[in-house]
Amino acid sequence: MKTVQVLMSTYNGEKYIRQQIDSILSQKNVNIRILVRDDGSNDNTISILKEYESKGALKLIIGNNLGPSRSFLALVELCEQAD
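Quick caveat: nothing in here was measured; it's all calculated off a predicted structure.

A. Seen up close, the environment of Lys 50. Among the structural elements, Lys 50 can be located in helix α2 (residues 45-54). Sequence-wise, Lys 50 and Arg 70 are 20 residues apart; in three dimensions their C-alpha atoms are separated by 22 Å. Apart from residues no more than four positions distant in its own chain, Lys 50 is found in contact with Leu 60 and Ile 62.

B. Main features of a nonpolar patch on the surface. On the surface, Phe 72, Leu 73 and Val 76 cluster together into a nonpolar patch covering about 260 Å² of accessible area. Mapped onto the secondary structure, Phe 72 falls in helix α3 (residues 68-78). Taking relative accessible area as the criterion, Phe 72 reaches 36% and is therefore assigned partly exposed.

C. Quick look at the sheet that holds strand β1 (residues 2-10). With parallel pairing, three strands are arranged side by side in an open sheet as β1-β2-β3. The sheet is open, and its two borders are formed by β1 and β3 (59-62), each paired with just one other strand. Strand-to-strand twist in this sheet, taken as the mean axis angle between neighbours without regard to direction, amounts to 15°. Relative to β3, strand β2 (residues 30-38) runs parallel, the two being bridged by four bridges. Within the sheet, the bridge partner assigned to Arg 37 lies in β3 and is Ile 61. Here helix α1 (residues 17-25) sits on the sheet in contact with β1 and β2, set at roughly 170° to β1.

The rules behind each value
- Residues numbered from 1 in each chain as written.
- Predicted model: local features only at pLDDT ≥ 70, side-chain atom pairs only at ≥ 80, totals over all residues.
- Heavy atoms only, no water.
- Helix = DSSP H or I, 4+ residues; strand = E, 2+ residues; numbered from the N terminus.
- Contact = heavy atoms within 4.5 Å.
- Patch = residues over 30% accessible without salt bridge, like charges linked within 9 Å, V, L, I, M, F, W, Y side chains within 5 Å.
- Areas by Shrake-Rupley, 256 points an atom, 1.4 Å probe, with all protein chains shown as cover.
- Salt bridge = Lys/Arg side-chain N within 4 Å of Asp/Glu carboxyl O.
- Buried < 20%, exposed > 50% of the residue type's maximum accessible area, 1.4 Å probe, protein only.
- Pairing = 2+ DSSP bridges.
- Axes fitted to C-alpha atoms, helices over the stretch in contact; angles between N-to-C directions.

This is the structure in structure tokens:
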């Protein structure tokens, strides 16, 4: 089975983050690894992400606000080997 590494940079995404992660995790016939970097959210995004991390559904990195492109590039540097 193929492995897909999903990189996600978040910022104040509490309204839709659960639906987004659940949709990614519901993919069939593929192993999913999610790496999330929060870019300094000040809503409940981090606590939601910590719930998923505690279940082993994703790996979370909490950082200062770098902006969308720099935050995503920080994730690229940490990306693991995948198909």
